[in-house]
Amino acid sequence: MTQTATTQTPAPSADPVLAGFRSSIDNIDAALIHMLAERFRITQAVGAYKAQKDLPASDPGREERQIARLRKLAEDAHLDPDFGEKFLRFIIDEVIRHHEQAKNAG
């Protein structure tokens, strides 16, 4: 059975409320990307410094302190702390990979 144009629901983008929500999400996504880019610019500088000073690529003590701190922030913000930790661990793993590359390049 095919629907005619008069019985079809409007495209979600035609809904102004949904469009407003999506616009806000798009703005937040853009801010997240810019913030991650800035974070990685700084951690790349850290990696270069660690390579120059022959320091280890990772700092497990700091990583655990950061995870504990950000889990608390997630709880305070009503964000699932397990999700926050997974997200941060993903970032930390990527930073360590960059630091190892910097060390191996030097």
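Criteria and thresholds
Residues numbered from 1 in each chain as written. Predicted model: local features only at pLDDT ≥ 70, side-chain atom pairs only at ≥ 80, totals over all residues. Heavy atoms only, no water. Patch = residues over 30% accessible without salt bridge, like charges linked within 9 Å, V, L, I, M, F, W, Y side chains within 5 Å. Areas by Shrake-Rupley, 256 points an atom, 1.4 Å probe, with all protein chains shown as cover. Salt bridge = Lys/Arg side-chain N within 4 Å of Asp/Glu carboxyl O. Helix = DSSP H or I, 4+ residues; strand = E, 2+ residues; numbered from the N terminus. Buried < 20%, exposed > 50% of the residue type's maximum accessible area, 1.4 Å probe, protein only. Lys, Arg positive; Asp, Glu negative; His and termini not counted. Charge placed at Lys NZ, Arg CZ, Asp CG, Glu CD.

Peer 1: Pulling in residues and values, what's your account of a nonpolar patch on the surface?
Peer 2: A cluster of nonpolar side chains, namely Leu-79, Phe-83 and Phe-87, defines an oily patch on the protein surface of about 290 Å² accessible area. Mapping Phe-87 onto the fold places it in helix α3 (residues 81-105). You can call Phe-87 partly exposed: its relative accessible area is 41%.

Peer 1: Let's hear about a positive patch on the surface: which residues, and what values?
Peer 2: A cluster of basic residues, Arg-39, Arg-62, Arg-65 and Arg-69, forms a positive patch at the surface. A per-element tally of the positive patch places helix α2 (residues 60-76) first, with three residues. Within the fold, Arg-39 resides in helix α1 (residues 16-52).

Peer 1: Just give me the short version of the pattern of salt bridges, but keep the residues and values in it.
Peer 2: Considering all chains together, one arrives at eight salt bridges under this definition. The salt bridge involving Glu-85 is made with Arg-71; its shortest N-O contact spans 2.7 Å. Linking Glu-85 in helix α3 with Arg-71 in helix α2, this pair joins segments that are 14 residues apart in sequence. Among the residues examined, Glu-85 registers a relative accessible area of 22% and is labelled partly exposed. On the accessibility criterion, Arg-71 (23% relative accessible area) is partly exposed. Residue Lys-72 pairs with Asp-76 through a salt bridge whose shortest N-O separation is 2.7 Å. Of this pair, Lys-72 and Asp-76 both sit in helix α2, separated by four residues, roughly a single helical turn. Judged by its relative accessible area of 45%, Lys-72 is partly exposed. With a relative accessible area of 46%, Asp-76 lands in the partly exposed category. Within this structure, Glu-64, Arg-71, Asp-82, Glu-85 and Arg-89 form a network of salt bridges that share partners.

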